[in-house]
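# Structural overview
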Amino acid sequence: MTKTPIRLTVNGVPHDIAVEPRRTLADALRDDCGLTGTHLGCEHGVCGACTVLLDGEVVRACLHFAIQADGRTIRTVEGLATPDGTLNPLQHAFWQHHGLQCGFCTPGFLMLATWLLEQEEPVDEARLRHVLSSNLCRCTGYQNILTAVRAAAQAIGKWTEAA
Ligand code: FES
Ligand code: FES
């Protein structure tokens with residue numbers, strides 16, 4: 001099948017690749033850009049393991065075609081730590097509060113929580129639970145993930161007790 005040249009700017013780095021029209025954004029990130037931090041679980045929009053930010057919005061990379069992202073900016077888990085490997089506050093909170101076990105769901109949760117913490121409004125318990133409920137984890141249990149994101153929100157001054 002004919003391939004279409006596209007440019008994906010991922011974590012600030014341009015990737016000029018050629019993809020078949022049916023190629024998903026998740027496959028393009030993993031197989032064409034070599035960024036395998038974005039995981040694939042269900043591949044039909046349920047689990048959230050493939051969550052990335054597309055022009056600042058949360059998307060399921062398994063539900064987007066790569067050509068839909070042509071010319072757009074994407075952020076993936078690989079862009080969170082500094083180049084020397086220093087964890088950002090959210091990653092540090094996951095580490096400190098045991099917010100992962102096998103780690104399969106973790107990139108998706110990290111990108112979802114990144115989006116949450118970058119919104120203007122502060123985060124309260126209800127909003128935290130509502131947003132994080134869109135992703136699935138099969139082994140950690142959700143309490144530690146909630147604790148980690150709550151702690152990160154507190155650390156950067158984004159937490160509120162107000163309902
Ligand atoms: S792999 Fe995309 S939502 Fe599950
Ligand atoms: S840490 Fe294993 S699926 Fe979430």
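Computed from a predicted model, the values in this text were never measured in an experiment. (Residues numbered from 1 in each chain as written. Chains lettered and ligands numbered in written order. Predicted model: local features only at pLDDT ≥ 70, side-chain atom pairs only at ≥ 80, totals over all residues. Heavy atoms only, no water.)

## Details of unusual backbone geometry
- Unusually for a residue other than glycine, Asn-11 sits at a positive phi of about 55 degrees.
- If you trace the backbone, Asn-11 turns up in the loop between strand 1 (4-10) and strand 2 (13-19).
- A positive phi angle is found at Glu-43, which is not glycine, with a value near 60 degrees.
- One can find Glu-43 in the loop between helix 1 (25-32) and strand 3 (51-54). (Helix = DSSP H or I, 4+ residues; strand = E, 2+ residues; numbered from the N terminus.)

## Quick notes on the pattern of salt bridges
- Under the definition given, this model contains nine salt bridges.
- For Arg-23, the salt bridge is made with Asp-32, and the minimal N-O distance between the two is 2.6 Å.
- Judged by its relative accessible area of 25%, Arg-23 is partly exposed.
- With relative accessibility at 32%, the residue Asp-32 sits in the partly exposed group.
- Residues participating in the shared-partner salt-bridge network are Arg-23, Asp-31 and Asp-32. (Salt bridge = Lys/Arg side-chain N within 4 Å of Asp/Glu carboxyl O. Buried < 20%, exposed > 50% of the residue type's maximum accessible area, 1.4 Å probe, protein only.)

## Concerning the domain arrangement of the protein chain
- Structurally, the protein chain comprises domain 1 (4-79) and domain 2 (89-155).
- Overall, the association of domain 1 and domain 2 removes approximately 1200 Å² of surface from exposure, summing both partners, and the carbon and sulfur fraction of that is 61%.
- Here domain 1 and domain 2 share one salt bridge between them.
- A salt bridge links Arg-75 to Glu-118; its shortest N-O distance comes to 2.8 Å.
- Broken down by secondary-structure element, the contributors of at least two residues to the side of domain 1 that touches domain 2 are strand 3 and strand 4 (57-60). (Domains from an automatic or database assignment. Buried area = accessible area lost by both parts, 1.4 Å probe.)

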